[in-house]
Amino acid sequence: MKKRTRIIACLTAGVLILAVSATAAFGSANGYSSYKNAVMDLALKEENFSAKGIVEVKLDGKAFTTMDVDYAQDGVNRSTCTTTTEDGETYTHWDTTLNGENTWFNSESDVYWQAQVDRDNTSLLGYDKNDEMQSRLINFLSIAADTVAGELKNNFVQVGSQDGKDLYQVSISGSQVPSLVNAGLSLFAYEAAGGDRDDCGHITWDNYWAAEIAYYEKTTGETLSQELKTGLMEGYDEAFYEAHKAEINKLDENSEKMYDYYNEILEQKGNVGVVYVKDDGSYDYYPTWMDYRAAQESQGADNLDYYVAKELTLEQVDCTFALDKDGRLTDNQITASFTATDAKGGRHTLEVTGNVTVSDYGTTQVQPLDVGDRTKSV
């Protein structure tokens, strides 16, 4: 689940970034510049604030995944709690850096980790204004956004003021989306599907540990203990490793032979395509990465990159946001609807909804992370 969650997180972030870029382009000169400046300041300049955000992805009208994030920052100190729900399962990760010490753990672990860190950046994205390359990149992106905006800034509507905040709203249809945005989404879909990976061969795993265990037992004739198998499949801590060190080391030593075995299969195919290794060690071969992606549906892998494999087009964006009296972003809701073409050519509707609130500018205090009854990992 965690591997697929990371993929979905990256894809969702990419979709939202492009959608937000499109939305930001549709404003009056004042509204557009105010929004752009507020977003850039939040990402690059603000040093103290709290934020809550939730992103929901729906595929063909059904919930696909949800990510809920709580974030707090006070200079170099910051904390993040991310909860992801997918396929009826919920996974939470906590990560806090306070006074030079990083502490983190997840909901599936009975231990926590700590490490000393030497962090000097105080912005959300770690922007260093003294870095010439970063400054030039920010300037390029700012000008690019202005260029994309063109004459469509007048589509922006200010809907009023409430509780000391200025409220804005915009709704755009696919025909108004700049071609540059959909070209970017098309490129994104191609990359997500691995369209640039056909120049060499690949080995992928349904579950790496399961395949390694199967190969070991098949080639050595030795049956590993069920306790070891369960621990490897579910994730293990330092205590488990110490208790099963000999067996784990034997597995690791045998893994090189396993890689040689599957690499030889690739070489026989001209070192192109994909060797997909199943839990029992058997495999399927696909001549191209797209062929591999097309087979994912039949294998039951609900990967988002399968559904956007061939094309992704922005159809509708609805956005509202609010700025406080100092021009700082306090609320942002956005819904972006897309038409996606999967690896087999089927068409789908994809809807990404993001809701972000930002508060406590200048008054946020990062609190120590409560590890509960977890023990510290050695």
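**So, the packing of helix 5 (residues 208–220) against helix 8 (residues 245–268)**
In step 1: In the contact formed by helix 5 and helix 8, the axes pass within 9 Å of each other and the chain directions differ by 90°. Considered as vectors, helix 5 and helix 8 are oriented roughly perpendicular to each other. Along the contact surface, helix 5 presents Tyr208, Trp209, Ala211, Glu212, Ile213, Tyr215, Tyr216, Thr219 and Thr220, while helix 8 presents Lys250, Leu251, Asp252, Asn254, Ser255, Lys257, Met258, Tyr259 and Tyr261.
In step 2: Within the contact of helix 5 with helix 8, the residues separate by chemical class into 10 nonpolar, four polar and four charged.

**Re the sheet that holds strand 5 (residues 101–106)**
In step 1: Pairing within the open sheet is mixed, and its 12 strands lie in the order 7-8-12-13-14-1-2-3-4-5-6-15. Each of the sheet's edge strands pairs with one partner strand only, and the pair in question is strand 7 (157–162) and strand 15 (375–376).
In step 2: The sheet contact formed by strand 3 (residues 77–86) and strand 4 (residues 89–98) spans nine bridges and is antiparallel. Within the sheet, the bridge partner assigned to Cys81 lies in strand 4 and is Trp94.

**Here's the deal with the nonpolar core**
In step 1: Judged by nonpolar contacts, the single largest core of 40 residues is most densely connected at Phe49, Leu312, Leu314, Phe321, Leu329, Phe338 and Leu350.
In step 2: Once you skip the residues sitting within four places of it in the chain, Phe49 turns out to touch Leu42, Tyr71, Ala72, Gln73, Leu124, Val358, Ser359, Asp360, Tyr361 and Thr364.
In step 3: Core analysis: the next-biggest nonpolar cluster, separate from the first, contains 10 residues, Trp205, Tyr215, Ile265 and Val275 among them.

**Re the packing of aromatic side chains**
In step 1: Per the counting criterion, the structure on display carries 18 aromatic pairs.
In step 2: Taken together, a centroid distance of 5.0 Å and an interplanar angle of 15° make the contact between Tyr168 and Phe321 stacked. Taken as a pair, Tyr168 in strand 8 (residues 165–173) and Phe321 in strand 12 (residues 311–323) lie far apart in primary sequence, 153 residues in all. Residues Tyr168 and Phe321 agree in their burial class; the two are buried.
In step 3: An aromatic cluster is present here, built from Trp205, Tyr208, Trp209, Tyr215, Tyr259, Tyr261, Tyr262 and Tyr283 joined pairwise through their rings.
In step 4: The ring of Tyr285 has Lys269 lying over it, and the distance from NZ or CZ to the ring centre is 4.9 Å.

**Examining the pairing of strand 10 (residues 273–277)**
In step 1: Among the five residues of strand 10, five are classified as buried, and the element is accordingly described as predominantly covered.
In step 2: Where burial is concerned, the two faces of strand 10 agree: the one with Gly273, Val275 and Val277 and the one with Val274 and Tyr276 are both buried.
In step 3: Bridge count between strand 9 (residues 201–205) and strand 10: five bridges; the pairing is parallel. Opposite Thr204, over in strand 10, you have Tyr276 as the bridge partner.
In step 4: Pairing geometry for strand 10 and strand 11 (residues 283–286), over four bridges, is antiparallel. Along strand 11, the bridge assignment pairs Val275 with Tyr285.
In step 5: Following strand 10, the chain reverses through five residues before pairing antiparallel with strand 11; Gly281 in that reversal takes a positive phi of roughly 95°.

**Quick notes on the environment of Tyr35**
In step 1: Position of Tyr35 among the secondary structure elements: in helix 2 (residues 29–44).
In step 2: Residue class for Tyr35 comes out buried when judged on its relative accessible area of 4%.
In step 3: Taking C-alpha positions, Tyr35 is 8.4 Å from Phe321, a pair spaced 286 residues apart along the chain.
In step 4: A polar side-chain atom of Tyr35 sits 2.7 Å from a polar atom in the side chain of Asn332.

**Things to note about the packing of helix 5 against helix 6 (residues 226–234)**
In step 1: Relative orientation of the contacting elements helix 5 and helix 6 amounts to 150°, with a least axis distance of 9 Å. As summarised for this structure, helix 5 and helix 6 are arranged roughly antiparallel, according to the angle between their axes. Contact residues: Trp209, Ala210, Ile213 and Glu217 in helix 5; Lys229, Leu232 and Met233 in helix 6.

**Details of helix 5**
In step 1: An ideal rise of 1.5 Å per residue puts 18 Å on 13 residues; helix 5 measures up with 18 Å between its terminal C-alpha atoms.
In step 2: Three or more residues of helix 5 are buried, namely Ala210, Ala211, Glu212, Ile213, Ala214, Tyr215 and Tyr216.
In step 3: Put simply, Asn207 is the residue that caps the front of helix 5, since its side-chain oxygen is 3.2 Å from the backbone nitrogen of Trp209.
In step 4: Of the residues flanking the end of helix 5, it is Gly221, one or two places downstream, whose phi is positive at about 75°.

What counts, and where the lines are drawn
Residues numbered from 1 in each chain as written. Predicted model: local features only at pLDDT ≥ 70, side-chain atom pairs only at ≥ 80, totals over all residues. Heavy atoms only, no water. Axes fitted to C-alpha atoms, helices over the stretch in contact; angles between N-to-C directions. Helix = DSSP H or I, 4+ residues; strand = E, 2+ residues; numbered from the N terminus. Parallel < 35°, antiparallel > 145°, perpendicular 65-115°, else oblique. Contact = heavy atoms within 4.5 Å. Nonpolar A, V, L, I, M, F, W, Y, C, P; charged D, E, K, R; others polar. Pairing = 2+ DSSP bridges. Core = buried A, V, L, I, M, F, W, Y, C linked by side-chain atoms within 4.5 Å. Buried < 20%, exposed > 50% of the residue type's maximum accessible area, 1.4 Å probe, protein only. Phe/Tyr/Trp six-rings, centres within 6.5 Å; stacked < 30°, edge-to-face > 60°. Lys NZ or Arg CZ within 6 Å of the ring centre and 35° of its normal. Polar contact = N/O pair within 3.5 Å; in protein donor to acceptor, adjacent residues only side chain to side chain. Expected span 1.5 Å × (residues − 1).

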